[in-house]
Number of protein chains: 2
Amino acid sequence: MKNSTMNTRETVFSAPTRRSEAHHKQLSVRTWLRLYACSNLIEQQIQQKLRAQYGTTLARFDFLAQLVREPLGMKMNVLSKKLMVSGGNITGLTDQLVKEELVVRQDDPLDRRSYLLICTEKGHQEFSEMAKSHERWVSELLGELDVTEIEQLYSCLDHLKNRLSTHS
Amino acid sequence: MKNSTMNTRETVFSAPTRRSEAHHKQLSVRTWLRLYACSNLIEQQIQQKLRAQYGTTLARFDFLAQLVREPLGMKMNVLSKKLMVSGGNITGLTDQLVKEELVVRQDDPLDRRSYLLICTEKGHQEFSEMAKSHERWVSELLGELDVTEIEQLYSCLDHLKNRLSTHS
């Protein structure tokens, strides 16, 4: 009799929980697939436009985007973390950008074993022009959403990013 | 006099438009940066887990995810479009998966110059196990958002994806 009561209670209490867990899982996967698809679609468009108009890549654009904000320079490991790519990739990109005089390596006055990456005047100029186009392209791509929709999307993503950063 | 009136009207009507355009641009870029960051953070976590637990990649997982839904098989160009990667990458992946007996190539009965990719029974089994883990990981990553927040995010992204697909 006790067993039978417990089974009934289990059925009453855990079926909705299981259902809502299953719903959360399915909804999460569908949301992730949309997020991934949107990100890839926009990334591809930006990549194409950067290549066609400036003969450059999104990786180089992102690299400069980080450096232009730091007039005193940035350590390579900090940049690597911000760009979420491996040190190896950063080294290759740095070599290219130094060669093109968009970036310089300078000794770090606070750490003799390390150096800082600094965006040159030429780098600032090239980035500034690309950034204006980038802003226009992104605005066009998101252009069919109105400001309220974009604000809502931004708010959800900002919240998610904070949670993900804590998680990882 | 006429000119001066026109200038005044222009000032009255276009300043808010320019401000709202500038706001749309800035908001779009901030939203895109959040979207890109969230997508990269989740992708990295999933990649790490797929590698650690199944010794596989997200590209292989996505490849099988498309094929398991099509019991009659899928043409390579259709698969390539769905995965948004180049034909070259698909060919390499196909060769690997055929070698591991997860996928087979079969003549297309409707097009003698073409063939279909079909997921094998072994492919279905391997995918099914990975898909359960994938669902759990994604649900955990999005787990600190409640169902209402995820539903809102899904709805915004679904809308955006439809617009982007039309755009491209």
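Please refer to the structure placed before this passage.
Calculation criteria
Each chain has its residues counted from 1, following the order in which its sequence is written. Whichever chain is written first is A, and whichever ligand is written first is 1; the rest continue in order. In view of the model being predicted, local features appear only for residues whose pLDDT reaches at least 70, and side-chain atom pairs are presented and counted only at 80 or more, with totals across whole chains, interfaces and linings using the full set of residues. Should DSSP find at least two bridges between two strands, the strands are taken to pair. Going along the chain from the N terminus, every DSSP run of H or I of four or more residues is numbered as a helix, and every run of E of two or more is numbered as a strand. For this overlay, a least-squares fit was computed on C-alpha atoms, restricted to residues scoring pLDDT of at least 70 in both copies. What counts as a contact here is a pair of residues whose C-beta atoms, placed from the backbone, lie within 7 Å. When residues are sorted by character, Ala, Val, Leu, Ile, Met, Phe, Trp, Tyr, Cys and Pro go into the nonpolar class, Asp, Glu, Lys and Arg into the charged class, and all the rest, Gly among them, into the polar class.

(A) Structural context of the sheet that holds strand β3 (residues 111-119) of chain A. Residues and elements named next belong to chain A. Across the sheet, which stays open at both edges, the 3 strands sit in the order β1-β3-β2 with antiparallel pairing between neighbours. Either end of the sheet is taken by a strand with one partner, and the two such strands are β1 (74-75) and β2 (103-108). Bridging between β1 and β3 involves 2 bridges; their strand directions are antiparallel. Its bridge partner being in β3, K75 is matched across the sheet by L116.

(B) Region of interest: the relation of the copies chain A and chain B. Of the transformation placing chain A onto chain B, the axial shift is 0.0 Å and the rotation is 180°, giving an RMSD of 0.1 Å. Seen this way, the second copy is the image of the first under a two-fold rotation axis. The overlap is high: 100% of the interface residues of chain A also sit at the interface in chain B, so the same surface is used on both sides.

(C) Expanded view of the sheet that holds strand β2 (residues 103-108) of chain B. An order of β1-β3-β2 (chain B) is seen for the 3 strands of this open sheet, with the pairing classed as antiparallel. Looking at which strands have only one partner, the edges of the open sheet turn out to be β1 (74-75) and β2 of chain B.

(D) Looking closely at the interface of chain A and chain B. Tallying the contact residues gives 46 residues for chain A and 46 residues for chain B. Here the side of chain A that touches chain B takes 21 residues from helix α1 (residues 2-54) of chain A, the largest share from any one element. The class makeup of the residues in the side of chain A that touches chain B is 22 nonpolar, 13 polar and 11 charged.

(E) The arrangement of the pairing of β2 of chain A in detail. Residues and elements named next belong to chain A. Relative to β3, β2 is paired through 6 bridges, and the arrangement is antiparallel. The partner of V104 across the bridge, within β3, is I118. Between the antiparallel neighbours β2 and β3 lie 2 residues.

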